[in-house]
Amino acid sequence: MPTTLTSEATSVWTGDLPTGSGTVTLDSSHAAEFSVNWKARAEGVSNTTNPEELLAAAHAACFAMALANALGSAGHTPESIQATAAVTFAAGTGVIGSHLLVSAKIPGLTEAEFEVFAQDAKENCPVSKALAGIPITIEAELA
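Just so it is clear, the structure is predicted and the values come from calculations on it, not from any experiment.

### Concerning the sheet that holds strand E6 (residues 136-142)
Line of reasoning, step 1. Here we have 3 strands laid out as an open sheet, ordered E4-E5-E6, and mixed in their pairing. If you trace the sheet from one side to the other, it starts and ends with strand E4 (80-90) and E6, each paired once. Strand-to-strand twist across the sheet, computed as the mean angle between neighbouring axes with direction ignored, equals 15 degrees.
Line of reasoning, step 2. Pairing geometry for E4 and strand E5 (residues 94-105), over 11 bridges, is antiparallel. Among the inter-strand pairings, Ala86 is bridged to a residue of E5, identified as His99.
Line of reasoning, step 3. Taken strand by strand, helix H2 (residues 51-73) contacts E4, E5 and E6, and its axis lies near 145 degrees from that of E4.
Line of reasoning, step 4. Set on the sheet, helix H3 (residues 111-124) makes contact with E5 and E6; between it and E6 the angle comes to about 150 degrees.

Spelled out as structure tokens, the structure:
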């Protein structure tokens, strides 16, 4: 197992910011290509992603993995963890926050115990650490 791994994605953009457009391709799977443009980023457009949605995907996946690891290390194997990250972008300011919404099935765990694990994963998942410059909030509950 490698001790370090570099992951890549490639973006190609044509035109200026307001009228141009581009694509983002995940280098792990060239079949995963996403269209991006300013309107999708500033206003939201169906079938077109933006950097914040991709960041939200990374944050949700990282959080779920960190939570599963912490729970498993403590002897609590989760049946399921559903994590949604909502990353907020403000034009002219940038990314202003990420909100995690979490529901999990973990046999034998109380809400209070779960809250401790969820807070720890929120603070210590690598993507949360990379996002240290913005507020990260969480709502977590057992299903």
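### So, the environment of Arg41
Line of reasoning, step 1. Within the secondary structure, Arg41 is located in helix H1 (residues 38-42).
Line of reasoning, step 2. Arg41 sits in the partly exposed class, given a relative accessible area of 29%.
Line of reasoning, step 3. Placed 14 residues apart in sequence, Arg41 and Leu55 show a C-alpha to C-alpha distance of 12 Å.
Line of reasoning, step 4. Residues within four places of Arg41 in sequence aside, it is in contact with Asn50, Pro51, Glu52 and Phe89.

Rules used in this analysis
- Residues numbered from 1 in each chain as written.
- Predicted model: local features only at pLDDT ≥ 70, side-chain atom pairs only at ≥ 80, totals over all residues.
- Heavy atoms only, no water.
- Pairing = 2+ DSSP bridges.
- Helix = DSSP H or I, 4+ residues; strand = E, 2+ residues; numbered from the N terminus.
- Axes fitted to C-alpha atoms, helices over the stretch in contact; angles between N-to-C directions.
- Contact = heavy atoms within 4.5 Å.
- Buried < 20%, exposed > 50% of the residue type's maximum accessible area, 1.4 Å probe, protein only.

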